[in-house]
Amino acid sequence: MNPAATNPAAAPALPAGLRATPRLDRWLAISAEGHVTLSPGKVEIGQGILTALAQICADELDIALERVRLLPAATASSPNEGVTSGSLSVSECGLSVRQVAAQVRGLFLAEAARQLSVATEALSVEDGVISGPGNLSTSYWELADRVSLAFDADAAVRPKPPSRRTLAGRSAPRIDIPGKVFGTRPFIHDIVLPDMLHGRVLRPPRPGATLSALDETQLSEIGGLVTLVRDGSFLGVVCRTEAKADAALGRLASAASWTGGFDLPDAQNMPSWLKSQPVEASVVDLRGEGPGPSAPRRLVRHYLKPYLAHASIGPSCAIASWQEDQQGETLHVFSHSQGVFNLRADLALVFGLPENAITVTHVEGAGCYGHNGADDAVLDAALLARAVPGRPVRLRWSRADELVRSPFGAAMAIEIAADLSEDGAITGWRHEIWSNGYVARPGRADSPALLASFDLEQPFPLYISQDPSLATGGGAQRNAVPLYDFPSWRIAKNRLLTMPLRTSSMRALGAFGNVFAIESMMDEIAEELGEDPLAFRLRHLSDERARAVLERATAMADWGNASVPDERGRGIAFARYKNTSAYCAIVAEIDLSAQPRATQLWIAVDVGEAINPDGVINQIEGGAIQAVSWTLKEEVTFTRADVTSGSWESYPILRFSEVPAVSVEIISRPELPPLGAGEAAQGPTAAALANAVHAALGVRVRQMPITRDRIIAAMEL
Amino acid sequence: MSGGTSLTVNGRSHSIASVPQAILLDVLRNELGLKAARFGCGEGLCGACRVLVDGRPVASCDTPLWSVSGKAITTVEGLGTPDAPHPIQAALIAEQAMQCGYCISGIMISAAALLAETTEPSEIAIREALDPNLCRCGAHNRVIRAVQRAAAEMRASAA
Ligand code: FES
Ligand code: FES
């Protein structure tokens, strides 16, 4: 059977990763000892990718899952798969691994057929043992030394049809969990190298400030100090122990004087601040001619999303060693970066080294939800390591730096205007965004994006965050185009050209704010028309998969029939992530008797083929809980001079006592391509909560976070 | 000033070389090489560094060494092993209760302290016991189910 014949969606083209790195032996190796080693370019960030890849590989090769070994992503050995982000790890890397494994299986079967003098069709494989008619048998392991994988991937090779997969689609236990439970699987913070030293960096007290003086007398008697590193306004210490490095950092802080710095945004008046900055204005999408100049009825609403912090539980960390020998200078780093190749490109720019003089190897860090401080920490460590050639330096950020100096998710002002006809049809839709860009990742430009590079004696220009095009997922405009069947729309974006607070990719990018706005607006219009929010959405939605998740989530919650206790309310929201990825609908219940508290979420998702269903549920639930935290609690706070949310007290996140019950159901579509799950729930969670507040109190809160104070302020409007 | 503080860690007694003012987390990780307790904030606000001191969960990141002199410390390394896991360790694996797992050491310590007190904790009691532990990945509900499972295991094996 040719699966392509039954699955028109699967075009016979190689996945992007294989187009970039076609050689099979760069991806996979089979050993005589009975192991299959996979070398993916994507990294584990707590999303379970390694397990999903092992499942896909084992399935295609017909081997036990335990035989698959995974190598960390490393510039020295892995295929370059760009960044692990945008929920693309399974769809991009998984399809490459599947294709490679299918072709490798074919090469081994061909060799087995030659050895056993039978036709390949007569062979079958069970846990690597290849059997033919009678007692004929060999194995991958026996043939390992004879079969060359020095071939390029071939798009004509077809992987197994979905019906013959036995592992993919099943909930396999994550391979990294036992080591984390017994404390034996190291995070980068735990790695100790011979002769290793410890580094700390003193950041300017305010973005853009420069070092005006350093009282070196205060530093003279610091015990354990190996060296002080100063390069322009970049200041750091290298010490023999972590404790000494912490102590030295304290002394450094009192010895340094700073001047200047950027004026930060006006926290009291974010919409006007965002709208008064110089911008690059663009039209994101136009349907028809766009909405006409007038309409019988026009609803205009303004929504606001604050700056959000990644707030990883483990602060950013890196290990660097700088070597000088006859061949010249080389730099070797370990990092929890999401993109080892991109990071290497930026390090090469900063140090003026050729890329092949630098290696970056991935080691796990704490959960990461976008572009946090991981890459910045590597430049910090490398600048320190350069001062102590030959000795590795491990550097760790402080909690405050993690919360204040990592890039933020950008603040967004969003204005939506809906035109209604006399009989209540939506005839036109306008959506306009004012926001910083959402991507300032390393490795994208001819100037580095790493924090310390802006502070050096020879500084690089501050890298202003950009937005990718909508075709590649978009940034601030991600999910700004509605999935509803409106006859005309105009979607526009104003990307700020100033960036006093550094912004970059954070889980879901602009989708979090845009879906919050669109799905709040849908409820506002439904209310204006006196319609049920579910019926109103379905009336504007012809996409069957979209309807299916909405119908499933509302059925799970018994929408419309369930009795909702006093002081509680329920709301719904829906989005298809990026308009091309996972479908997600959510019913949220909120309790407003004290501080707003989410009590329950009912979530239905369609991720196409779910490789590891339990992994998908874990991702969706985790994303939704994080989104509850963003929506109800989180906001980076600042004065005109500096960010003030530098601890868990000033940047609180959701706690165990505040976490809602969550039920997730997957609408299974094993015949459709797998879609990432990591970010699909973010936007719908926010809007469902806002809609739930309105259902309970009749109050519309259009600014996140939705706190008690914000609800009271909205009541007074 | 030099060390000499005596400490029992996971059942073994140690004479610690670090100064008495040293931070317990630093001593555990850097002097004794026990890496399961993690640095998250250094301010007693996230729970990643929790260890048991005489059976009570304590943030080791703001505990000076001298204050635990002569006491019994338990870290995750002392809770159990793959061959003889603590019920909470077995339950976390069974429930696949984490994403990145950076928070999980501290959570296991809080849970172990709770389960030592009662094997019939209510869900509210579990949430309260774990409230000092932050998790950014949203693994909370699975963790709660794991604590319930561990409690049930402990009840069953006591019966
Ligand atoms: S590291 Fe000790 S409580 Fe956060
Ligand atoms: S699992 Fe990542 S912080 Fe809890």
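Cut-offs and rules
- Residues numbered from 1 in each chain as written.
- Chains lettered and ligands numbered in written order.
- Predicted model: local features only at pLDDT ≥ 70, side-chain atom pairs only at ≥ 80, totals over all residues.
- Heavy atoms only, no water.
- Helix = DSSP H or I, 4+ residues; strand = E, 2+ residues; numbered from the N terminus.
- Rg over C-alpha atoms; globule rule 2.2 N^0.38 Å.
- Contact = heavy atoms within 4.5 Å.
- Areas by Shrake-Rupley, 256 points an atom, 1.4 Å probe, with all protein chains shown as cover.
- Buried < 20%, exposed > 50% of the residue type's maximum accessible area, 1.4 Å probe, protein only.
- Lys, Arg positive; Asp, Glu negative; His and termini not counted.
- Charge placed at Lys NZ, Arg CZ, Asp CG, Glu CD.
- Pairing = 2+ DSSP bridges.
- Axes fitted to C-alpha atoms, helices over the stretch in contact; angles between N-to-C directions.
- pLDDT = per-residue confidence, 0-100.
- Expected span 1.5 Å × (residues − 1).
- Core = buried A, V, L, I, M, F, W, Y, C linked by side-chain atoms within 4.5 Å.
- Domains from an automatic or database assignment.
- Buried area = accessible area lost by both parts, 1.4 Å probe.
- Salt bridge = Lys/Arg side-chain N within 4 Å of Asp/Glu carboxyl O.
- Polar contact = N/O pair within 3.5 Å; in protein donor to acceptor, adjacent residues only side chain to side chain.

**Things to note about the overall build of chain B**
- Along chain B, the regular secondary structure elements total 6 helices and 5 strands.
- Going residue by residue from the N terminus, the α and β elements of chain B occur as β-β-α-β-β-β-α-α-α-α-α.
- Relative to a compact globule of 159 residues, whose C-alpha radius of gyration would be 15 Å, chain B shows 16 Å and is just as compact.
- Expressed as lengths along the three principal axes of its C-alpha atoms, the size of chain B is roughly 50 × 35 × 25 Å.
- When contacts within chain B are restricted to residue pairs at least 6 apart in sequence, long-range pairs at least 24 apart make up 56% of them.
- Summing over all exposed atoms, chain B offers an accessible surface of approximately 6100 Å²; the carbon and sulfur share of this is 51%.

**Some thoughts on the overall build of chain A**
- In terms of regular secondary structure, chain A is built from 17 helices and 24 strands.
- Relative to the 2.2 N^0.38 estimate, which gives 27 Å for 717 residues, the radius of gyration of chain A is 27 Å and therefore close to what a compact globule would have.
- Taken along the three principal axes of its C-alpha coordinates, chain A extends 80 × 75 × 45 Å.
- Burial status across chain A gives 62% buried among its 717 residues.
- Considering only contacts in chain A between residues 6 or more positions apart, those separated by 24 or more positions represent 78%.
- On chain A, roughly 25200 Å² of surface is accessible, and the fraction owed to carbon and sulfur atoms is 50%.
- Computing the positive centroid from 65 side-chain charges and the negative centroid from 81, chain A places the two 0 Å apart.

**Details of the sheet that holds strand E18 (residues 412-420) of chain A**
Residues and elements named next belong to chain A.
- Here we have 5 strands laid out as an open sheet, ordered E12-E20-E19-E18-E13, and mixed in their pairing. One side of each edge strand has no neighbouring strand; the edge strands of this open sheet are strand E12 (279-287) and strand E13 (297-305). Adjacent strand axes in the sheet meet at a mean angle of 10°, parallel and antiparallel pairs treated alike.
- Of the pairings in the sheet, the one linking E12 to strand E20 (residues 489-496) comprises 8 bridges and is antiparallel in character. Bridge pairing links Ala281 to Asn494 in E20.

**Overview of the confidence of the model for chain B**
- For chain B, mean pLDDT is 96; residues scoring 70 or higher make up 98% of the total.
- Prediction confidence for the complex, expressed as pTM and ipTM, is 0.93 and 0.97 respectively.

**Topic: unusual backbone geometry**
Residue and element names in this part refer to chain A.
- Note the cis peptide between Met704 and Pro705, where omega equals -5°.
- Counting through the fold element by element, Pro705 comes out in the loop between helix H16 (682-697) and helix H17 (708-716).
- Phi is positive for Asn479, which is not a glycine, with a value near 65°.
- Looking at the secondary structure, you find Asn479 in the loop between strand E19 (426-435) and E20.
- Residue classification places Asn479 among the buried residues on the basis of a relative accessible area of 5%.
- Phi is positive for Lys578, close to 60°, though the residue is something other than glycine.
- With respect to the secondary-structure elements, Lys578 resides in the loop between strand E21 (568-576) and strand E22 (583-591).

**Side note on the sheet that holds strand E3 (residues 68-70) of chain A**
All names here are of chain A.
- Ordered by their spatial adjacency, 3 strands build an open sheet running E1-E2-E3, and the pairing between neighbours is mixed. The open sheet is flanked by strand E1 (28-30) and E3, the only strands paired with a single partner. Here the average twist between neighbouring strands, direction ignored, is 20°.
- Taken together, the 3 bridges between E1 and strand E2 (residues 36-38) define a ladder with antiparallel strand orientation. Considered in E2, the bridge of Ala29 is made with Thr37.

**Quick notes on helix H3 (residues 49-61) of chain A**
Residue and element names in this part refer to chain A.
- For H3, which comprises 13 residues, the first-to-last C-alpha distance of 18 Å matches the rise-based estimate of 18 Å (1.5 Å per residue) to within 8%.
- Among the 13 residues that make up H3, 13 are buried, leaving the element largely enclosed by the rest of the structure.
- Asp62 sits one or two residues past H3 and shows a positive phi near 60°.

**Focus: the nonpolar core**
- Trp429, Ile603 and Trp648 of chain A together with Val143 of chain B are the most contacted members of the largest nonpolar core, which has 164 residues in total.
- For Ile603 of chain A, the contacting residues outside a window of four places in its chain are Met556, Cys584, Ala585, Ile586, Ile620, Ala624, Val662, Ser663, Val664 and Glu665 of chain A.
- One finds Leu14, Ala52, Trp141 and Ile611 of chain A within the second-largest nonpolar core, a separate group that totals 45 residues.

**Overview of the domain arrangement of chain A**
All names here are of chain A.
- For chain A, the assigned domains are domain 1 (8-182), domain 2 (189-260 + 311-405) and domain 3 (412-438 + 474-715).
- One C-alpha centre belongs to domain 2, the other to domain 3; they are set 38 Å apart.
- In this assembly, 15 residues from domain 2 lie in contact with 17 residues from domain 3.
- Of the roughly 1300 Å² buried where domain 2 meets domain 3, counting both sides, 54% is carbon and sulfur surface.
- It is Tyr369, His371 and Leu403 that lose the most area in domain 2 upon contact with domain 3, and together they represent 40% of the buried surface on that side.
- If you look at where domain 2 meets domain 3, you find 2 salt bridges.
- Residue Arg502 pairs with Asp376 through a salt bridge whose shortest N-O separation is 2.9 Å.

**Focus: the pattern of salt bridges**
- For the structure shown, the criterion picks out 49 salt bridges over all chains.
- Between Asp190 of chain A and Arg38 of chain B there is a salt bridge; the shortest N-O distance is 2.8 Å. With Asp190 of chain A in the loop between helix H6 (177-181) and strand E7 (197-202) and Arg38 of chain B in the loop between helix H1 (24-31) and strand E3 (50-53), the pair connects residues from two separate chains. Arg38 of chain B shares its class with Asp190 of chain A; the two are buried.
- Glu589 of chain A is the salt-bridge partner of Arg568 of chain A, the closest N and O atoms lying 3.0 Å from each other. Of this pair, Arg568 of chain A sits in strand E21 while Glu589 of chain A sits in strand E22, and the two are 21 residues apart along the sequence.

**Things to note about the pairing of E20 of chain A**
Residue and element names in this part refer to chain A.
- When you tally the buried positions in E20, you get 7 out of 8 residues, the bulk of the element.
- Taken together, the 7 bridges between E19 and E20 define a ladder with parallel strand orientation. The partner of Ile433 across the bridge, within E20, is Lys493.

**Structural notes on the confidence of the model for chain A**
- Looking at chain A as a whole, its pLDDT mean stands at 93, while 97% of the residues score no less than 70.
- Residue range residues 1-11 of chain A is modelled with pLDDT below 50. Its contacts to residues more than four positions away, or to other chains, number 9 contacts.

**A closer look at the side chain of Gln55 of chain A**
- Relative to the assigned elements, Gln55 of chain A resides in helix H3.
- The contacts of Gln55 of chain A, once residues within four sequence positions are left out, are Leu65, Leu167, Ala168, Arg170, Ala172, Ile611 and Asn612 of chain A.

**Observations concerning the environment of Gln103 of chain A**
Residues and elements named next belong to chain A.
- Residue position: Gln103 is located in helix H4 (residues 89-116).
- In this structure Gln103 comes out as buried when scored by relative accessible area, which is 9%.
- Sequence spacing of Gln103 and Arg552 is 449 residues, and the spatial spacing of their C-alpha atoms is 39 Å.
- Those residues within four positions of Gln103 in sequence are excluded, and the remaining contacts are Leu24, Asp152, Ala153, Asp154 and Val157.
- At 3.1 Å, the side chain of Gln103 and the backbone oxygen of Asp152 are in polar contact.

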